[in-house]
Amino acid sequence: MARYFLDTEFDGFGGPLLSLGLAAEEGDDYYVVIHPLPDPPTAWVGRHVIPYLFTVPQALDTRLDRVAAAHDLAAYLRHDPDPYIVADWPEDIALFCRLLLVGETDIVDVDRLSFELRRTPGFSTARNSQVPHNALHDARALRAFVLESEGR
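Residues numbered from 1 in each chain as written. Predicted model: local features only at pLDDT ≥ 70, side-chain atom pairs only at ≥ 80, totals over all residues. Heavy atoms only, no water.

Colleague: Any chance you could explain the pairing of strand β2 (residues 17–24) here in plain terms?
Modeller: Regular strands place their side chains on alternate faces of the sheet. Among the eight residues of β2, eight are classified as buried, and the element is accordingly described as predominantly covered. Across seven bridges, the pairing between strand β1 (residues 3–10) and β2 is antiparallel. Among the inter-strand pairings, F10 is bridged to a residue of β2, identified as L17. The antiparallel pairing of β1 with β2 creates a hairpin that spans six residues between the two strands, and G12 there sits at a positive phi of about 80°. Where β2 lies against strand β3 (residues 30–34), four bridges are found, and the strand directions are antiparallel. (Buried < 20%, exposed > 50% of the residue type's maximum accessible area, 1.4 Å probe, protein only. Helix = DSSP H or I, 4+ residues; strand = E, 2+ residues; numbered from the N terminus. Pairing = 2+ DSSP bridges.)

Set out below in structure tokens:
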């Protein structure tokens, strides 16, 4: 079982998914920005998220529509028979699961997923992230925090 540390950015409470980052415990990380972006986004997201969406290495700069992103995410996880997704916020898990839906009665090709909601009192991905409010950088901050708390 491989762990993937999840973070998402979304347009306000209950709003649409903007980006998703998975920081792999081992192997390559994953990042996608969902297009089209809201126009206009909520004011806070416009100031604190949109400017940082593309602050990732060029190789990880993927911009896809929602359905293509769902298939791309499934392809990324396909090599792992038992992916284990760790998040510190329930909405991240909800948005991840919602992304897997590609039709009214259809999901992408994933066989098995496990999730862990890990409460992190006193820890903030944004405060510990190299680029706050960028889903991949925040996911990497969560990975570092969890591995450090486990003594690794």
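Colleague: What's the story with unusual backbone geometry in this structure? I'm lost.
Modeller: With glycine set apart, most residues show a phi of negative sign, and most peptide bonds adopt trans. Following H35, the chain continues to P36 via a peptide bond in cis, the omega torsion being 0°. Mapped onto the elements of the fold, P36 is located in the loop between β3 and α1 (43–48). A cis amide bond links D39 with the next residue in sequence, P40, at an omega value of 5°. Summarising the element assignment, P40 is placed in the loop between β3 and α1. Positive phi outside glycine occurs at H133, with the angle close to 70°. Following the sequence through the fold, H133 ends up in the loop between α4 (125–128) and α5 (135–149).

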